[in-house]
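# A closer look at the structure
Okay, here's what each chain looks like letter by letter:
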Amino acid sequence: MQLASSGDVDLAVSAAQRALNGVWGETTPAERGRLLWRLADLIDEHADILRQLESLDVGKPVMETYVFDLPLTSDHFRYFAGWATKITGQSIPSSLPGEALCYTRHEPVGVVAAIVPWNFPLAIAAWKLAPALACGNAVILKPSEITPLTALYLGELMLEAGFPSGAVGILPGLGAVTGAALVEHAGVDKVSFTGSTRVGREIVQKAGGNFKRVTLELGGKSPNIILPDANISDAIGGAMTAMFFNQGEACVAGSRLYVPKALKADVLEQLATRAAGIVQGLSLDPATQMGPLVSQVQLERVLGFVERGVTAGATLVTGGSRNTSAGAGYFVQPTVFSAADDLELSREEIFGPVLTVLEYEDIDDLVTRANDSVYGLGAGVWTADVKTGIRIAHRLKAGTVWVNGWGMLEASMPWGGYKQSGIGREMGSYALQHYTEVKSVWVNLL
Ligand code: NAD
């Protein structure tokens, strides 16, 4: 694999700056919109190869890539294609003596470094590329070193779509080398990062030194709450998707499931039955419902959490081991624990198929417990009474709350985290403010 050095980062930044001062900087909003739309069409035309590459690289089931990652990616480019011609400032009346024309412009920030993780490589690249390019920025995309394939393929499609030289650079490389060089580079104006809270913290410290703009999408330990009046079958189905989608390697995995004490035994039994029924297999097999974890490192990390959970006194309800019968790969059985709030299992992001079930009796206490986390990415509430669901949704400290559902994402709805789950928002019109600088222009008319 080619790994970009810090010298390659210098070249990419110079190319991006030349593009901003040249053809890309002069491209009209309508033309930017057309390029993004053309790219979305090309992604759809190449969906078959893209979904196979993504599934092979990450290990995720090809059917999930087909229904989730690919449509989410092309939809993003179409949604922000529409925005390219609608990024407007304001005309503001002045009350100072004399006469002046006062207005604002929303200008591109400049060179954006987009650093993405390995769990949804293509979709998350689109979450950054689409708004950044719609606003007229030049972007250098650094995919994860373990899943670079679809980013590189996307680069080919961007050339075919007609993006001018330097508007987008794609630099596969190591986080500590390529990523760090981008974050520290004086010619990079903004870092848009999705990844672990640990690396996010490092980026804030490094980029803060020269006041780069930074947005962060980080980890989570999202609470999923079943209220006593919920339709239990729907809620358990939702809890399974919330936890085991993408092998549990999802920032917004619903990894803390809160259930009423009186229903706990029944819920655990149903979860165990459903978890045991999940079909694990190779990612390119259309029958596969859960693929292998992405790497040996991730396998050992996840099994380490399981082992420490058992030692700490959590009750293992089902799973908990490597699944060697699913094929040659880093398969971990869908795992369910019953545990207390203070255990590592209930507090740390595991990033694998390990669900922790926690019981409650009092709703107010439940909300306090659900909010007692350094993270605040997602949350869910299952109830027959939508009003109660909304009231609880408003009290939960999370960037996204689903009532009677989990995991719905759309280009038009903002996405991001409270607390240590991130800074800023991606998607929707909210993303645009993070890719523009506001300039006030005063024209003295006297
Ligand atoms: P990671 O932080 O290890 O790596 C993410 C990216 O940062 C990779 O491209 C990596 O090469 C790069 N990187 C690593 N060290 C760097 C450094 N010092 N400087 C600059 N770049 C560096 O994360 P990961 O293991 O790839 O992904 C898993 C994490 O991502 C989980 O914590 C998950 O919750 C989070 N995530 C969050 C969201 C969200 O939307 N909030 C979405 C997906 C994943």
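Look above for the structure.
None of these values were measured; they are calculated from a predicted model.

Right, let's talk about helix H8 (residues 175-184) for a bit. All buried positions along H8 are accounted for by Thr-178, Gly-179, Ala-180, Ala-181, Leu-182 and Val-183. Residues of H8 that are buried make contact with helix H1 (6-20), strand E2 (111-115), strand E3 (138-142), strand E5 (190-194) and helix H9 (197-208).

Attention now moves to the sheet that holds strand E11 (residues 354-360). Strand order in the open sheet formed by seven strands is E9-E10-E11-E8-E7-E13-E14, and the pairing between neighbours is mixed. Edge positions in the sheet fall to strand E9 (315-318) and strand E14 (400-403), since each of these pairs with one other strand and no more. The mean angle between the axes of side-by-side strands here comes to 25°, regardless of whether they run parallel or antiparallel.

Contacts to the ligand come from 28 residues, most closely from Val-116, Glu-145, Ser-196, Leu-218 and Glu-349. In this structure, an oxygen atom belonging to the ligand sits 2.9 Å away from a side-chain N or O atom of Trp-118. In the environment of the ligand, an oxygen atom lies 2.9 Å from a nitrogen or oxygen atom belonging to the side chain of Trp-415. Here the ligand, which alone exposes 850 Å², has 90% of that area covered by the protein. Elements that contribute at least two residues to the shell around the ligand include exactly helix H6 (121-134), H8, E5 and H9. Looking at the shell around the ligand element by element, the count peaks at three residues for H8. Residue classes in the shell around the ligand are distributed as 15 nonpolar, eight polar and five charged.

Right, let's get into the side chain of Lys-212. Here Lys-212 lies in the loop between H9 and strand E6 (213-217). With no salt bridge to any partner, buried Lys-212 finds its closest opposite charge in Asp-189, at an N-O distance of 7.8 Å. Here His-185 takes part through its backbone oxygen, which lies 2.7 Å from a polar atom of the side chain of Lys-212. Apart from residues no more than four positions distant in its own chain, Lys-212 is found in contact with Leu-182, Val-183, Glu-184, His-185, Ala-186, Val-188, Asp-189, Val-191 and Ala-207.

Another aspect to go through is the packing of H8 against H9. Close contact between H8 and H9 brings their axes to 8 Å; oriented N to C, the two are set at 40°. Considering the angle they form, H8 stands oblique to H9. Side by side, H8 and H9 meet where Ala-180, Val-183 and Glu-184 of the first sit next to Ile-203, Lys-206 and Ala-207 of the second. In the contact of H8 with H9, the residues fall into four nonpolar, no polar and two charged.

Cut-off values and rules
- Residues numbered from 1 in each chain as written.
- Predicted model: local features only at pLDDT ≥ 70, side-chain atom pairs only at ≥ 80, totals over all residues.
- Heavy atoms only, no water.
- Buried < 20%, exposed > 50% of the residue type's maximum accessible area, 1.4 Å probe, protein only.
- Helix = DSSP H or I, 4+ residues; strand = E, 2+ residues; numbered from the N terminus.
- Contact = heavy atoms within 4.5 Å.
- Pairing = 2+ DSSP bridges.
- Axes fitted to C-alpha atoms, helices over the stretch in contact; angles between N-to-C directions.
- Near = heavy atom within 4 Å.
- Polar contact = N/O pair within 3.5 Å; in protein donor to acceptor, adjacent residues only side chain to side chain.
- Areas by Shrake-Rupley, 256 points an atom, 1.4 Å probe, with all protein chains shown as cover.
- Nonpolar A, V, L, I, M, F, W, Y, C, P; charged D, E, K, R; others polar.
- Lys, Arg positive; Asp, Glu negative; His and termini not counted.
- Salt bridge = Lys/Arg side-chain N within 4 Å of Asp/Glu carboxyl O.
- Parallel < 35°, antiparallel > 145°, perpendicular 65-115°, else oblique.

On their own, these measurements won't tell you what the molecule is for.
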